[in-house]
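Spelled out from the first residue to the last, the chains are:
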Amino acid sequence: AEETIQGVLYQRILDHIKDPDVRRLAHPGLILRRVTPELIMQVLAGPCGITIQTSDRAAELFHALRKEITLVSPAQDGSLRHRQDVRRLILGPLQRDRPRQVHEIHEAAAAYYAGQRGDVARAEEIYHRLQLGEDTRNLDNLWTHGVAEYLRGAAEELSAAGQVFLARHMDLVISSDIRFRAELQDWEQLAAQRCRELLRGGDNEM
């Protein structure tokens, strides 16, 4: 019932967006925590079903999205930040209803930020890789001193393994239940990896 109410509220917000391309950017583009013209063109366009052939068109959509103050707010670095309260309202239903598009956006965003420099890029790359469920042990080398500042408040959006990863690097307190669930996820990942290795080697017995 709560998710239904959240979906209705978010749909009302979307219904007030006149430009259909901006509406598509907002849903499912809300998966991104921050938006720039480059992210619109290189990350969101495909999964959101928008054809963008020039950087000028990406800039037009960016400025149109900037006017939707119920969804975004400007950041000091010139990007737009999706409002955290709105994202948390719809992230669950969005991940459930559009898993393929959500996965595509996380993959494209991780690849985009991997090619960028700076703490913001590393923070966003880590965030999207955690959302993809990548082995957290492979993400330690991405952590830099200034990354924590940009990942505060992100733990609630992540899996148990993602929350434990942030807790290891930041001053976060997490419950024993979260730790147990993270250990279970780690065990499942190791078991799945071992199965794949055995199958590739032609060994059907464990």
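As a starting point, this report considers the structure included with it. Computed from a predicted structure; not experimentally measured.

Parameters and conventions
Residues numbered from 1 in each chain as written. Predicted model: local features only at pLDDT ≥ 70, side-chain atom pairs only at ≥ 80, totals over all residues. Heavy atoms only, no water. Pairing = 2+ DSSP bridges. Helix = DSSP H or I, 4+ residues; strand = E, 2+ residues; numbered from the N terminus. Phe/Tyr/Trp six-rings, centres within 6.5 Å; stacked < 30°, edge-to-face > 60°. Buried < 20%, exposed > 50% of the residue type's maximum accessible area, 1.4 Å probe, protein only. Lys NZ or Arg CZ within 6 Å of the ring centre and 35° of its normal. 1 Å grid on protein atoms, 1.4 Å probe; cavity = no way out; pocket = protein on both sides within 12 Å on 5 of 7 lines; lining within 4 Å. Points joined across faces, edges and corners; volume = space filled by probe spheres on them. Nonpolar A, V, L, I, M, F, W, Y, C, P; charged D, E, K, R; others polar. Expected span 1.5 Å × (residues − 1). Contact = heavy atoms within 4.5 Å. Core = buried A, V, L, I, M, F, W, Y, C linked by side-chain atoms within 4.5 Å.

Here's the deal with the sheet that holds strand 3 (residues 80-82)
Judged by pairing direction, the sheet is antiparallel, and its 3 strands sit side by side in the order 1-3-2 without closing on themselves. Only two strands of the sheet have a single neighbouring strand rather than two, namely strand 1 (34-35) and strand 2 (72-74). As paired elements, strand 1 and strand 3 share 2 bridges and run antiparallel to each other. Looking at strand 3, one finds that Val-35 is bridged to Leu-80.

Regarding the packing of aromatic side chains
Throughout the structure, instances matching the rule amount to 2 aromatic pairs. Measuring from centroid to centroid gives 5.2 Å for Tyr-112 and Tyr-113, while their planes differ by 80°, and the two rings are edge-to-face. On the accessibility criterion, Tyr-113 (2% relative accessible area) is buried. Across from the ring centre of Tyr-127, 4.8 Å away, lies the NZ or CZ of Arg-33, which sits over that ring.

Re helix 9 (residues 160-169)
A large share of helix 9 lies buried, amounting to 8 of its 10 residues. Those residues of helix 9 that sit buried are Ala-160, Ala-161, Gly-162, Gln-163, Val-164, Phe-165, Leu-166 and Ala-167.

Comments concerning the layout of surface pockets
Size it by volume and the largest pocket reaches roughly 190 Å³. In terms of lining, the largest pocket is formed by Arg-33, Arg-81, His-82, Gln-84, Arg-87, Glu-149, Tyr-150, Leu-151, Arg-152 and Glu-157. Sorting elements by how many residues they give to the lining of the largest pocket places helix 8 (residues 148-151) first, with 3 residues. Looking at the lining of the largest pocket, its residues break down into 2 nonpolar, 2 polar and 6 charged.

Focus on helix 3 (residues 37-48)
Over its 12 residues, helix 3 extends only 14 Å from the first C-alpha to the last, a length that falls short of the 16 Å expected when each residue adds 1.5 Å. Regarding helix 3, the residues found buried are Leu-39, Ile-40, Val-43, Leu-44, Ala-45, Pro-47 and Cys-48. As for helix 3, its buried residues are in contact with helix 2 (20-26), strand 1, helix 4 (55-66) and helix 6 (99-114). Where helix 3 ends, the next residue or the one after it, Gly-49, has phi of about 70°, a positive value.

Details of the nonpolar core
In terms of nonpolar packing, the biggest core is built from 37 residues, with Tyr-10, Ile-40, Val-43 and Leu-44 touching the most fellow members. At the level of elements, helix 1 (2-15), helix 2, helix 3, helix 4, helix 5 (84-97) and helix 6 are the ones that each hand at least two residues to this core. Of all the elements, helix 3 adds the most residues to this core, at 6 residues. In this view, Tyr-10 contacts Ala-26, His-27, Leu-30, Leu-71, Val-86, Leu-89 and Ile-90; residues no more than four positions away in its chain are not counted. In this structure, Ala-123, Trp-143, Ala-148 and Leu-158 belong to the second largest nonpolar core, which totals 16 residues.

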